[in-house]
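Coordinate analysis (summary)
Next come the chains, spelled out residue by residue.
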Amino acid sequence: MTGTMGTTDAATWAMLHEEAVAAMGRAYAPYSGYPVGAAALVDDGRVVTGCNVENAAYGVALCAECGLVSELVNTGGGRLVAFACVNAHGEAISPCGRCRQVLMEHGGPGLQLAMPGGTMTMEEVLPGAFGSRDLDEVNDDIQEDK
């Protein structure tokens, strides 16, 4: 396994890959024909998964990463430690920009991602990310000005 944000071992990556492939098999992708599955390790040892769920109104489709984060929050929260996302061929794929932001919020800069070119941290995938600390800084300044 891994420490809170330590190095994830090969067995854990293999298990996350298998869980992501299983989630991909449950995807609802009748419009794009592009099923996606995701799996992540939580800092308390749980594994959460998600799959994409499309909609005839394309813009309201749900990405696999969003389903995964919903499961994370619904099952007690915590921080994501290691994340894998796959396509219909079981190949690692990159999260889209929106999902990178969602993953940053729930994993932070040290979250490890299995990317097509190898493992990367969230900091490497989304450098200079906007986050809760940015909101806190502005809110603190506003409160001081009152």
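Here, every reference points to the structure presented above.
Since the model is a prediction, treat every value here as computed from it, not as a measurement.

Calculation notes
- Once a new chain begins, its residue numbering starts again from 1 and follows that chain's sequence as written.
- Whole-chain, interface and lining totals are the exception, using all residues; otherwise, since this is a predicted model, local features are given only for residues with pLDDT of at least 70 and side-chain atom pairs are given and counted only at 80 or more.
- By convention in this description, side-chain values take in all heavy atoms of the structure and omit both hydrogens and water.
- Only protein atoms enter the calculation, which uses a 1 Å grid: trapped sets of points that fit a 1.4 Å probe without letting it out are cavities, open sets showing protein on both sides within 12 Å along at least five of seven lines are pockets, and any residue with an atom within 4 Å of a point is a lining residue.
- Grid points are joined across faces, edges and corners, and a volume is the space filled by probe spheres set on the points.
- Each residue receives one of three labels: charged for Asp, Glu, Lys and Arg, nonpolar for Ala, Val, Leu, Ile, Met, Phe, Trp, Tyr, Cys and Pro, and polar for the others, Gly being one of them.
- Nonpolar core, defined: a set of buried Ala, Val, Leu, Ile, Met, Phe, Trp, Tyr and Cys residues in which side-chain atoms within 4.5 Å join the residues together.
- Summary of the burial criterion: residues with accessible area below 20% of their type's maximum are buried, those above 50% are exposed, and those between are partly exposed, where the area comes from a 1.4 Å probe applied to protein chains only.
- Secondary structure follows DSSP: runs of H or I at least 4 residues long count as helices, runs of E at least 2 residues long count as strands, and numbering of each begins at the N terminus.
- Contacts are assigned to residue pairs that have any heavy atoms within 4.5 Å of one another.
- For the charge count, each Lys or Arg is scored as positive and each Asp or Glu as negative, with His and the chain ends excluded.
- Note on definitions: salt bridges are taken to be side-chain nitrogens of Lys or Arg within 4 Å of carboxyl oxygens of Asp or Glu.
- Counted as a polar contact is a pair of N or O atoms within 3.5 Å, where, for protein atoms, one must be capable of donating a hydrogen and the other of accepting one, and residues adjacent in sequence contribute only when both atoms are in side chains.
- Only strands joined by at least two bridges in the DSSP assignment are considered to pair.
- What counts as an axis is a line fitted to C-alpha atoms, over the stretch in contact for a helix, and the angles between N-to-C directions run from 0 to 180 degrees.
- The labels follow the angle: roughly parallel below 35 degrees, roughly antiparallel above 145, roughly perpendicular from 65 to 115, and oblique for the rest.
- For any pair of crossing helices, the crossing counts as left-handed if the nearer helix is rotated counterclockwise from the farther one by less than a right angle, and right-handed if it is rotated clockwise.

Quantified by volume, the largest pocket comes out at close to 190 Å³. Forming the walls of the largest pocket are 16 residues, and the residues nearest its centre are Tyr34, Val36, Asn52, Cys63 and Ala64. Looking at the lining of the largest pocket residue by residue, the class counts come to 11 nonpolar, 3 polar and 2 charged.

This paragraph deals with the nonpolar core. Within the largest apolar cluster, 22 residues are counted, with the highest numbers of intra-cluster contacts made by Leu68, Leu80, Phe83, Leu103, Leu113 and Met122. Of all the secondary-structure elements, those providing two or more residues to this core are β1 (37-42), α2 (64-74), β3 (80-86), α3 (97-107), β4 (112-115) and α4 (122-125). Sort the elements by how many residues they give to this core and α2 lands first, with 4 residues. Within the second largest apolar cluster, 10 residues are counted, among which are Leu16, Ala84, Val86 and Ala114.

Quick look at α2 now. For α2, the complete set of buried residues consists of Ala64, Glu65, Cys66, Leu68, Val69 and Leu72. Buried residues along α2 sit in contact with β1, β2 (47-51), β3 and α3. With its phi angle positive at about 120°, glycine 76 sits one or two positions after the end of α2.

Along the chain, the position of valine 73 falls in helix α2. The sequence separation of valine 73 and histidine 106 amounts to 33 residues, and the corresponding C-alpha distance is 9.2 Å.

This paragraph deals with the side chain of glutamate 54. You can see glutamate 54 is positioned in the loop between β2 and α2. Of the buried charged residues, glutamate 54 lacks a salt bridge, with arginine 98 as the closest side chain of opposite charge at 12 Å. In terms of polar contacts, glutamate 54 uses its side chain to reach the side chain of serine 32, at 2.2 Å. Leaving out residues up to four positions away in the same chain, glutamate 54 has contacts with Tyr28, Ala29, Pro30, Tyr31, Ser32, Gly33 and Ala61.

This brings us to the pairing of strand β5 (residues 118-121). Bridge count for β4 against β5 is 4 bridges, and the pairing is antiparallel. Paired with glutamine 112 across the strands is threonine 121, a residue of β5. Hairpin connection, β4 to β5: the antiparallel pair is bridged by 2 residues.

Glancing now at the side chain of arginine 100. Along the chain, the position of arginine 100 falls in helix α3. Within the buried set, arginine 100 has no salt-bridge partner at all; the shortest N-O distance to an opposite charge, 7.9 Å, is to glutamate 65. Apart from the residues lying within four places of it in its own chain, the contact partners of arginine 100 are Ser94, Pro95, Met115, Met122, Val125 and Leu126.

Moving on: the packing of α2 against α3. For the pair α2 and α3, interaxial distance at closest approach is 9 Å and the crossing angle is 20°. Judged by the inter-axis angle, α2 sits roughly parallel to α3. At the point where α2 passes α3, the crossing takes the left-handed sense. Residues Glu65, Cys66, Val69, Leu72 and Val73 of α2 form the contact with α3, whose participating residues are Arg98, Cys99, Val102, Leu103 and His106.

Take the sheet that holds β2 next. In spatial order, the strands read β2-β1-β3-β4-β5; together these 5 strands make up an open sheet with mixed pairing. Two strands close off the open sheet at either side, each with one partner strand: β2 and β5. Averaged over all pairs of adjacent strands, the angle between strand axes in this sheet comes to 20°, irrespective of strand direction.

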